[in-house]
Amino acid sequence: MNDSYLYIIIALLPLAGCMVVFQVNPYHALVIRGILGAVSALVYAVLGAPDVALTEALVGTMLAITLYAVAVRSSLVMRLGLVKDEADDEQHFGQLMDDLRTIFRKRQMRLELVPYPNTQALERALMDKEVHATCVRREQNHATSEDEKQFYHTAIRVKRIYEIMQTELTSPATILSYVSTPAEGEKHK
């Protein structure tokens, strides 16, 4: 009996595993993880373990992929807090948001705008870690000649997001700053 097809199928397991580990896009990794689970279930079925194959297909593939998809979807969000009335129909704000969406889309992230009633609530949300960054309109009466085009101030509490925006944001409409938030233990003292 020629079992060469079985060796080919089994060789797909480490190949799919390596592809999952080295995949940059988390959604592509989910698809490859599904393929890995399906190949594992096939191997178990061919080797005479239908109960293990069924368990792998149901739990290892379907349930795990569903849970991973929920986790990936919820973790790839950049929450930007803003004052509700400041960004209604501002041309510069729209351009800034388009630039931010473009930057985060490259990293499979989405930008979620979270409105707050006033600046105090917005600052509290940043310190309480409800949002990753805040964007507020700057007062233009104190602007110098080089600051005249910077209509907004964006405060960011996540260092990596700050680094990404600092290197890739080409819009002159905002000033970026990094804000250090208190640690959980310090916050409750």
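Residues numbered from 1 in each chain as written. Predicted model: local features only at pLDDT ≥ 70, side-chain atom pairs only at ≥ 80, totals over all residues. Heavy atoms only, no water.

Per an unreviewed UniProt entry, the protein goes by the name DUF4040 domain-containing protein and belongs to Nostoc flagelliforme FACHB-838.

1. Let's talk about the nonpolar core
The line we're drawing: Joining through side-chain atoms within 4.5 Å is the link that ties buried Ala, Val, Leu, Ile, Met, Phe, Trp, Tyr and Cys residues into a set, and such a set is a nonpolar core. Each residue gets one of three labels from its accessible area relative to the maximum for its type: buried under 20%, exposed over 50%, partly exposed in between, using a 1.4 Å probe on protein chains only. Think of it this way: any DSSP run of H or I at least four residues long counts as a helix, any run of E at least two long counts as a strand, and we number them from the N terminus. Any pair of residues with heavy atoms lying within 4.5 Å of one another is described as a contacting pair.
Of all hydrophobic cores here, the largest spans 22 residues; its most connected members are Met78, Leu80, Leu96, Met97, Leu100, Phe104 and Met165. For this core, the elements supplying multiple residues, two or more each, are strand S1 (77–83), helix H4 (91–105), strand S3 (133–137), strand S4 (152–156) and helix H6 (159–168). Top element by residues in this core is H4. It accounts for six residues. Sequence-distant contacts of Met165, defined by excluding residues within four places in its chain, comprise Met78, Leu100, Phe104, Thr154, Ile156 and Leu176. In terms of nonpolar packing, the next biggest core, distinct from the first, is built from eleven residues, Val83, Val136, Ala155 and Val179 among them.

2. Observations concerning helix H3 (residues 50–75)
We count it as follows: How far a helix is expected to stretch is found by multiplying one less than its residue total by 1.5 Å. Think of it this way: the bend at a residue is just the angle between two axes, each fitted to seven residues, one set ending at that residue and the other starting at it.
Taking 1.5 Å of rise per residue, 26 residues should cover 38 Å, and H3 covers 35 Å from first to last C-alpha, within 8% of that figure. Residue Glu56 marks the point of greatest curvature in H3, where the axis turns by about 30°. All of the buried residues along H3 are Ala53, Glu56, Gly60, Thr61, Ala64, Ile65 and Val72. For H3, the elements touching its buried residues are helix H2 (26–46).

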